[in-house]
There are 4 protein chains.
Amino acid sequence: MPIRAVVWGENVHEQHNKIVAGVYPDGMHQCIADTLNTDPEITATTATLQEPEHGLTKERLAETDVLLWWGHAAHGDVSDEVVERVCDAVWSGMGMVFLHSAHFAKPFKRLMGSPCNLTWREAGERERLWVTSRNHPITTGLPDSFELEMEEMYGEPFGVPEPLETVFISWFQGGEVFRSGLTYKRGAGNVFYFRPGHETYPTYHNTHVQTVLKNGVKWAFNPMARIADPNIAPNVPVEAAPEKIEERGPKLHADGEEGFR
Amino acid sequence: MPIRAVVWGENVHEQHNKIVAGVYPDGMHQCIADTLNTDPEITATTATLQEPEHGLTKERLAETDVLLWWGHAAHGDVSDEVVERVCDAVWSGMGMVFLHSAHFAKPFKRLMGSPCNLTWREAGERERLWVTSRNHPITTGLPDSFELEMEEMYGEPFGVPEPLETVFISWFQGGEVFRSGLTYKRGAGNVFYFRPGHETYPTYHNTHVQTVLKNGVKWAFNPMARIADPNIAPNVPVEAAPEKIEERGPKLHADGEEGFR
Amino acid sequence: MPIRAVVWGENVHEQHNKIVAGVYPDGMHQCIADTLNTDPEITATTATLQEPEHGLTKERLAETDVLLWWGHAAHGDVSDEVVERVCDAVWSGMGMVFLHSAHFAKPFKRLMGSPCNLTWREAGERERLWVTSRNHPITTGLPDSFELEMEEMYGEPFGVPEPLETVFISWFQGGEVFRSGLTYKRGAGNVFYFRPGHETYPTYHNTHVQTVLKNGVKWAFNPMARIADPNIAPNVPVEAAPEKIEERGPKLHADGEEGFR
Amino acid sequence: MPIRAVVWGENVHEQHNKIVAGVYPDGMHQCIADTLNTDPEITATTATLQEPEHGLTKERLAETDVLLWWGHAAHGDVSDEVVERVCDAVWSGMGMVFLHSAHFAKPFKRLMGSPCNLTWREAGERERLWVTSRNHPITTGLPDSFELEMEEMYGEPFGVPEPLETVFISWFQGGEVFRSGLTYKRGAGNVFYFRPGHETYPTYHNTHVQTVLKNGVKWAFNPMARIADPNIAPNVPVEAAPEKIEERGPKLHADGEEGFR
């Protein structure tokens, strides 16, 4: 069975800005989904901010193997309830790929536990991404570096935790650098951040970027069964202890009582 | 100047449970602060849930080098505003030490970005902590292992991100293990989680535990100046780029415009 | 095409000790290879210390996707030339799984860059392995913990670098703990250390251990093409620089000269 | 007592190349030691390849808190015995700072367990180092970025293991990037790699570079007592087990026997 990817798009710039609509006539999310669907191992659909529950109902997430997220102008419009739902899905094993300005998306900030800030400049400058982890699965089919002739600059320091692995680092014409490909694990879920993708440039039409998107989905996918409740903290009664022990000492909790949250 | 530590205590069990009040007549927070104050390099005060703003005003946090946190029964009573304030302080460089049941404290969950769950049993069983990172500063003055005759059990899997370093791992009489000392960095702030400290046992009267608390405060302390605003994402105008570039291509943002959040 | 695994066995205890020969009549390496061969995605063969070049010629390694290594009594008899050859293969992308007493094998020490020491006791005590990274691929099909009724004890501190991920931690009846499943990346190669497997006990006949071995091989396998020479440090001439620059300043190297090693 | 630093210099270019001798009339090692000695918390001396045992006797290393290493043309002339001695010192708790072309020095390769290769170009191009870990102790007193007008280029992929923390990333005029500041722990020893320092440029006269050197020494320094033998793997007899157990099952080792190496 192919990996079930859902591309979540904020879908605001595409509706209000002629430049963006020109580059991505069906929306950035649709462009990314179309790309993923060229890979026989992936089947991708889309969801947008404007749909009820942003298109991310509990049922939909339960059937999503990997969620991709692009947001920018409307981070604040994303419902906190959906954010928690998305995080729960990640913790239970759903893979997740955050793209570009999603560095400030609510679920990314929530999963990182850090400011996720950076410096930026919109000047159509050249970006060159370098592979820093040889033969990392996300780099399959890529050369040691590739260029995007026009991109927005994102600069260090990038306010994220030290990753499991740094996969890409970007060079910018204006003199900055940025850790552009970072992997994390949160609960049972794999998380990948990938930097490029400013809305006014044709970044998601670039072949190398498309390769990274496909690889990223495959890397983030975890075929194991989802964890039913990723937040439970079960009590292990004395009689169920792996080794025989006898209860002793003062107790706060009554037998069988739930823990505090 | 000594390190300014603040020990935050939930202060609920001490007020409502005779056993806890007996072990910690002045509260757990005061016991921990007293311990820290025996070290000439540290000066410790306390704050509690019941104080206005839980004793953690913006001014107080600005003068706190390292915050220690013990909470259990009343995690949900901690104001979200204070939680965000605490996280901002960590991101700007304040050190933080989370103790025992603070694994489910709001600021810990917020900083980890993960479920922070575990298994548990309150049976007064023996715990033995093993040092797993030789000569880590937090282990100064400790033997390779030490015992707590009676403790609550916490068991793996512990739902936290892979740490910078695993400093302690616990063995429990009932057959479980737990990563009991973990270090993280979030923004500019050092974060240390330390497992022991169930309220009905005299854990914070144990010499080795007291050594870890002092070491933990010193490790978490960062003498560098706090970052004024740890969340800003400044625009770098074309004319301020480190390398001379010329603006080109389509733009979404007007000159000097703020970024989206 | 299935993953081509080679199980390297020191094959000394099996030849000289009746107990070991009784538990593993065809050798530990053959038992492990037989296990792997029950998985349709893996095809496993063996190599031993006693074969010319220890059975690990350059040609053999070039056709090996994942190498498993069990050694104990004869670490010192392994040729340094073969050790370098094995490390080169790992750096070029071959996966590698080190088992039990291979913590002191030359290639493991070489790849870790650290002492790899530990404490130990041979007393047939109970070991219980706990999963510490939920849904890690290496834990596929495993419960949260499993027991080995008789094993040798290995205790912390374990002298290895902080891993990419801690996958298993062991509890021992005698009171120690050990990080029993650790992942690393060295060059382009994935490395997995797995603790259990003392020669006098039937550990490799245990179903859960067998599951870990199969999962470990699949995790360590990297389908990407091997790196031709993992050690080269190529000069990038000025005219081949990605951005146009002009040479300036004093030079030590003549044009086209090789770098120093 | 100040931190006792030893700056090890290969001292070959300085003796044979007029350009290098002009920039560093007393040798690069002496320039670096002079810099460190301006800090009241550090007292630095030097050692060179040409001295007996390269100036690094067992006694000298026992009195060295932090060793800095610069080598390039004569990596192969460093005695393997001294390399092992240096690694033992690191594992026992000595701090170590590797500079520039020491990426191919024997002790660095030995401690990393990986190829440590990179791409390079000697063209006097501009390098700009960006801080990637805010308020990391090694960045004390530094701005978010600083420039070296002429440096040798080192490019990714850099063949080293994922670090504990990435502290600096370099931007190069010719289009490459490089992880220029990386921290590791090996055994009980802290290890810092810092990229700049090509012999024909006045890099070690740069104020920011000098700040990093001083910070690096302080970060690498571990005040705890050295571990007497960092390689021992002690047997824990049954009667010394932390928990009472009874020996059972078949044994390979006789009582009190040494383990295999």
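Residues numbered from 1 in each chain as written. Chains lettered and ligands numbered in written order. Predicted model: local features only at pLDDT ≥ 70, side-chain atom pairs only at ≥ 80, totals over all residues. Heavy atoms only, no water.

Chain A carries the name Trehalose utilization protein in an unreviewed UniProt entry, which gives Roseibium aggregatum as its organism.

Participant: So what's going on with the pairing of strand E4 (residues 95–99) of chain B? Which residues, and what values?
Facilitator: Residue and element names in this part refer to chain B. Along E4, five of the five residues are buried, which leaves the element largely enclosed by surrounding structure. On E4, burial covers both faces: Gly95, Val97 and Leu99 on one face and Met96 and Phe98 on the other are all buried. Here strand E3 (residues 66–70) pairs with E4 via five bridges, running parallel. Within the sheet, the bridge partner assigned to Val66 lies in E4 and is Gly95. Regarding the hand of the β-α-β motif, the stretch spanning E3, helix H5 (residues 80–92) and E4 is right-handed. Sheet topology note: the E4/strand E9 (residues 189–194) ladder contains four bridges and is parallel. If you follow Val97 over to E9, its bridge partner there is Phe192. (Buried < 20%, exposed > 50% of the residue type's maximum accessible area, 1.4 Å probe, protein only. Helix = DSSP H or I, 4+ residues; strand = E, 2+ residues; numbered from the N terminus. Pairing = 2+ DSSP bridges. Right-handed = clockwise from strand over helix to strand, strands pointing away.)

Participant: Explain the relation of the copies chain C and chain B to me, and be specific about the residues and the numbers.
Facilitator: Both copies of the chain are placed relative to one another by a rotation about an axis and a shift along it. It takes a turn of 180° to lay chain C on chain B, together with a shift of 0.0 Å along the axis; the resulting RMSD is 0.0 Å. This pairing of chains is accounted for by a two-fold axis. Identified as the residue of chain C closest to the rotation axis by C-alpha distance is C:Trp171, at 3.2 Å. (Least-squares fit on C-alpha atoms with pLDDT ≥ 70 in both.)

Participant: Can you tell me about the packing of aromatic side chains, naming the residues and giving the values?
Facilitator: One pass over the full model with this rule turns up 46 aromatic pairs over all chains. By the ring-pair criterion, three or more aromatic residues cluster together here, those being A:Phe98, A:Phe108, A:Tyr154, A:Phe158, A:Phe178 and A:Tyr193. One Lys or Arg, A:Arg128, reaches over the ring of A:Trp171 and ends 4.8 Å from the middle of that ring. One residue, D:Arg195, lies across the ring of D:Tyr154, its end atom 4.8 Å from the ring centre. (Phe/Tyr/Trp six-rings, centres within 6.5 Å; stacked < 30°, edge-to-face > 60°. Lys NZ or Arg CZ within 6 Å of the ring centre and 35° of its normal.)

Participant: Would you mind going over the relation of the copies chain B and chain A in detail, with residue names and values included?
Facilitator: Superposing chain B onto chain A requires a rotation of 180° together with a translation of 0.0 Å along the rotation axis, leaving an RMSD of 0.0 Å. Most of the interface of chain B is mirrored in chain A, where 100% of its interface residues are also at the interface. (Contact = heavy atoms within 4.5 Å.)

Participant: Describe the side chain of C:Thr119, and please don't skip the residues or the numbers.
Facilitator: Within the element layout of this structure, C:Thr119 appears in strand E5 (residues 119–131). A relative accessible area of 13% means that C:Thr119 is categorised as buried.

Participant: So, the interface of chain B and chain A: which residues are in play, and what are the values?
Facilitator: Each partner contributes to the interface: chain B provides 70 residues, whereas chain A provides 70 residues. Here chain B and chain A share an interface that buries about 5,500 Å² over both sides, 59% of which is from carbon and sulfur atoms. Here chain B is connected to chain A by two salt bridges. Between B:Arg248 and A:Glu149 there is a salt bridge whose closest N-O contact spans 2.8 Å. Counting across the chain B and chain A interface gives 28 residue pairs in polar contact (both at pLDDT 80 or more). Residue assignment for the side of chain B that touches chain A shows that the elements contributing at least two residues are helix H2 (18–23), helix H6 (106–112), strand E5 (119–131), strand E6 (145–155) and strand E8 (177–186) of chain B. Within the side of chain B that touches chain A, the residues separate by chemical class into 29 nonpolar, 21 polar and 20 charged. (Buried area = accessible area lost by both parts, 1.4 Å probe. Salt bridge = Lys/Arg side-chain N within 4 Å of Asp/Glu carboxyl O. Polar contact = N/O pair within 3.5 Å; in protein donor to acceptor, adjacent residues only side chain to side chain. Nonpolar A, V, L, I, M, F, W, Y, C, P; charged D, E, K, R; others polar.)

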